[in-house]
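In case you want the letters, here they are:
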Amino acid sequence: MSQPTSDERTLSYVMAFNEAVRQSMRADENVFCAGEDIGAFGGVFGTFGGLQKEFGSRRVVDTPISEQAIIGLGVGSSVTGLRPIVDLMFMDFMCVALDQIVNQTAKLKYMFGGKATLPLTITTAGGAGLSAAAQHSQSLEAILCHIPGLKVVYPSNPYDMKGLMVSCIRENNPTVMVKHKRLLGMSGPVPEDIYSVPLGVANILRPGTDVTVVSWGRMANESLAAAAVLADEGIDCEVIDPRTLQPFDTATVVASARKTNRIIVVHEAVRFGGLGAEIAAQVQEEAFDYLDAPVARIGAPFSPVPFSPALEKYYVPDAASIAVGIRDVLGRRAPGK
Amino acid sequence: MEPTPDVLRDLHRRMVRIRLFEEAAGKLAEAAKLPGFLHLYVGEEAVAAGVCVNLTNADSITSTHRGHGHLVAKGGQFRPMMAELMGKATGYCNGKGGSMHISSLELGMLGANGIVGAGSPIAVGAAFTHKYRDDGNVAVAFFGDGATNIGAFHEAANMACALKLPIVFACENNEYGEFTRRDATMAITDIVDRAQGYGMPGVIVDGMDAVAVCEAAAEAIAYARAGHGPTLVEAKTYRFYNHHGVQNLGLKYRPDSEVEVWKQRDPIFTLEAKLADVGVLTTEQCEAVWVELRADIADAIAFAEDSPLPNKDQILEDVYTPMAVAQ
Ligand SMILES: Cc1ncc(C[n+]2csc(CCOP(=O)(O)OP(=O)(O)O)c2C)c(N)n1
Ligand SMILES: [Mg+2]
């Protein structure tokens, strides 16, 4: 990741999103946004703040509470030449619109023999840790990555947020941009000019030699925090953020696994059937002979997200539980234990 | 049919219970003592109370994200409600659901809901059970004006009419969905206009007038119990507080003057004036109800605060129902 230099401007994760949309709308008249509360109110997370003021209600559209129709608006308008950004307030609400996402958005091009193009970006917010309970906290990225035809990004910092969002908007295929609710206020260096971060290219957040940690979204930051703790114990972690989850940058992850010989995947989604399973399978297919330990996975327990903070704090992985998992992969104990 | 004095007193009590619970929850939230989202029902009490006063525990209701009022009106107890809002093990959902999923199947309250519109199809299912068993009970689906923009509502309304189920669709039209005005998201003014398209009667009622809601609901519920099928009741109402929490979020999405006009029509004070007028409850007697129920709230807060948190091991409990072990 680019390190901040003193003269670099910093921006929050949410404003990096906002700036990507704003600059893309200035650059391309075909780009418009639609979603619940995004117009006059600027979105419940402030993601679309000020955009209707600049671009008017023709290009920044307040929709009814109608998730199916919101995605359908994106499908129909993209296939007829526009470049829509359609917002689902919470990732959980994609379930209300799954037909439009899974059976329409993802498949139209293929079913039409390649003749359709859907330059459509679906934006949404995922993640737990706010006591928002079982229907406002899920990490459902694995479902999306399972559907051929969709591309999925999940940035872990403001720099990637802006660059990936620009790529999503420019992309000629349907993309889903997942923001993590608890990263919205995260601040970091973000160049003022428009730039893109390519889809499908992982980022080595921290180079290391002893163990590879693969994680994205908020968990990438928790993994970095765990790596910092472990560095004091003499454990050198390589932390990789795939940034794009579909298509997945297997090559970077496999190369790292071959180098460190140990690998752990950390995600916030439930462990069973999570992307960790797919990544573990790919690594064992391509780096089996290099591995000194089974591919490890950290994820949430197999239950809905509990409301009570007393339960949720154990439900969501954090730096401490990730550090435990990494030590396990290395067969090490915590200091003093 | 004019409610009896007993029903009027009952109505009043239910509304005061809702108001006190919500005011207390709002204060606790502002003191950062409640985790998560909190959607308060203050201002809309006449709707939940006016409908539920006509129901028994054997009747079913489904609720919304703004669900405390429905549960209180259906007989919800303050202690397990407050405990649930605090995420305690003694809460109605053992701390697993919180404000947005609060429920009590014993009371026929099939859950607040985090997904807008999701309650109506579930109410259709409950109504189906009532018809299937011919038990004489009904289901009521509560939902907002905004929820009528979602497919689930339309499918539920159509199915309920097609199957002629004993159900009442009770719409709380408070003119906003979150921070967006209703008229920005639909081209009609009255939600009842939708009823005709499904073949059910629709009635508009003043949602700030508990007696009016009670009468309209009584009629719709009797119609359902008699096997005539669904009715859509639209109550014109208003929430006094923000979409969630108490204060507006800084950004103005509705004018203070509008809020003030509606607050002048406070449904509880309106009812109290009426009760005094017709000699059912004097001002002093009304005040005594508040005093008595305030003590209950204080008790519930103390109970909730003293209650244990759920245990870490409970995360994996309640995901599935265990099968009875074969004998
Ligand atoms: C499917 C879905 N979409 C969006 C939301 C976010 N949301 C929560 S409450 C709400 C507004 C609901 O408006 P209305 O039905 O009128 O109920 P009110 O809040 O006014 O009582 C929205 C959009 C949600 N919870 N579920
Ligand atoms: Mg509303």
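Scoring rules and cut-offs
- Just so you know, the residues in each chain are numbered from 1, in the order the chain's sequence is written.
- Chains and ligands are labelled by the order in which they are written, letters from A for the one and numbers from 1 for the other.
- Residue-level local features of this predicted model are given only where pLDDT is at least 70; pairs of side-chain atoms are given and counted only at 80 or more, and the full residue set underlies all totals for whole chains, interfaces and linings.
- Remark: hydrogens and water are excluded; side-chain values derive from all non-hydrogen atoms of the structure.
- Aromatic contacts are taken between Phe, Tyr and Trp rings whose centres are within 6.5 Å, Trp giving its six-membered ring; a plane angle under 30 degrees counts as stacked, one over 60 as edge-to-face, and the others as tilted.
- The cut-offs for exposure are 20% and 50% of the maximum accessible area for each residue type, with area from a 1.4 Å probe on protein chains only; residues under the lower value are buried, those over the upper are exposed, and the others partly exposed.
- Placement of a positive charge over a ring is assigned whenever Lys NZ or Arg CZ falls within 6 Å of the ring centre and within 35 degrees of the normal to the ring plane.
- Water is not among the atoms examined, so metal sites may look incomplete; donors are the N, O and S atoms within 2.8 Å of the metal, or within 3.2 Å for Na, K and Ca.
- A run of H or I in DSSP counts as a helix once it spans at least four residues, and a run of E counts as a strand once it spans at least two, with each numbered from the N terminus.
- A strand pair is defined by DSSP finding two or more bridges across the two strands.
- Lines fitted to C-alpha atoms define the axes, with helix axes restricted to the stretch in contact, and inter-axis angles between N-to-C directions lie between 0 and 180 degrees.
- Here, two residues are considered to be in contact whenever any of their heavy atoms come within 4.5 Å of each other.
- Here is how to tell: hold the view so the strands point away, follow the path from the first strand over the helix to the second, and if it runs clockwise the crossover is right-handed.

> Which residues make up the packing of aromatic side chains, and what values do they have?
Counted according to the given criterion, the structure contains 17 aromatic pairs over all chains. Taking the centre distance of 5.3 Å and the plane angle of 50° together, the rings of A:Phe90 and A:Phe93 count as tilted. As far as the burial class goes, A:Phe90 and A:Phe93 line up, both buried. Here the aromatic residues A:Phe41, B:Tyr176, B:Phe179, B:Tyr238, B:Tyr253 and B:Trp262 are joined through ring pairs into a cluster of three or more. Against the face of A:Phe17 rests A:Lys179, its NZ or CZ located 5.0 Å from the ring centre. The residue whose ring lies beneath B:Arg17 is B:Phe78, and the NZ or CZ to ring-centre distance is 4.2 Å.

> Talk me through the coordination of the magnesium ion (ligand 2); I want residue IDs and the actual numbers.
Residues and elements named next belong to chain B. Summarising the metal site, the magnesium ion (ligand 2) is bound by the protein donors Asp 145 (OD), Asn 174 (OD1) and Tyr 176 (O), whose distances to it range over 2.0 to 2.1 Å. Every donor residue of the magnesium ion (ligand 2) comes from the same chain, spaced as D-x28-N-x1-Y. Here Asn 174 lies in the loop between strand 3 (167-173) and strand 4 (176-177) and Asp 145 lies in the loop between strand 2 (139-144) and helix 6 (151-162), a separation of 29 residues in the sequence. Taken individually, Asp 145 and Asn 174 each receive the classification buried, so the pair is uniform in this respect.

> Summarise the sheet that holds strand 5 (residues 121-126) of chain A; cite the residues concerned and give the values.
Sheet strands pair by backbone hydrogen bonding; their relative direction is either parallel or antiparallel. Residue and element names in this part refer to chain A. One open sheet holds the 7 strands; their spatial order is 3-2-4-5-7-6-12, and the pairing between them is mixed. In the strand order of this sheet, the two ends are held by strand 3 (60-62) and strand 12 (244-246), each with one partner. Going across the sheet, the axis of each strand differs from the next one's by a mean of 20°, ignoring polarity. Alignment of strand 2 (residues 31-35) against strand 3, held across 3 bridges, turns out to be parallel. Along strand 3, the bridge assignment pairs Ala 34 with Val 61. Those strands touched by helix 2 (residues 51-59) are strand 2 and strand 3, and its axis lies near 70° from that of strand 3.

> Provide a residue-level description of the pairing of strand 11 (residues 237-241) of chain A, including the pertinent values.
Residue and element names in this part refer to chain A. The buried fraction of strand 11 amounts to 5 of the 5 residues, a majority that puts the element mostly inside the structure. Here strand 11 shows a buried face lined by Cys 237, Val 239 and Asp 241 and a second buried face lined by Glu 238 and Ile 240. Pairing of strand 9 (residues 203-206) with strand 11 involves 3 bridges; the strand directions are antiparallel. Residue Ile 204 lies in a different strand from strand 11, and its bridge partner there is Ile 240. The pairing of strand 10 (residues 211-215) with strand 11 spans 4 bridges and is classified as parallel. The residue bridging Thr 212 from the neighbouring strand is Glu 238, located in strand 11. In this fold, the crossover linking strand 10 to strand 11 by way of helix 8 (residues 217-231) has right-handed handedness.

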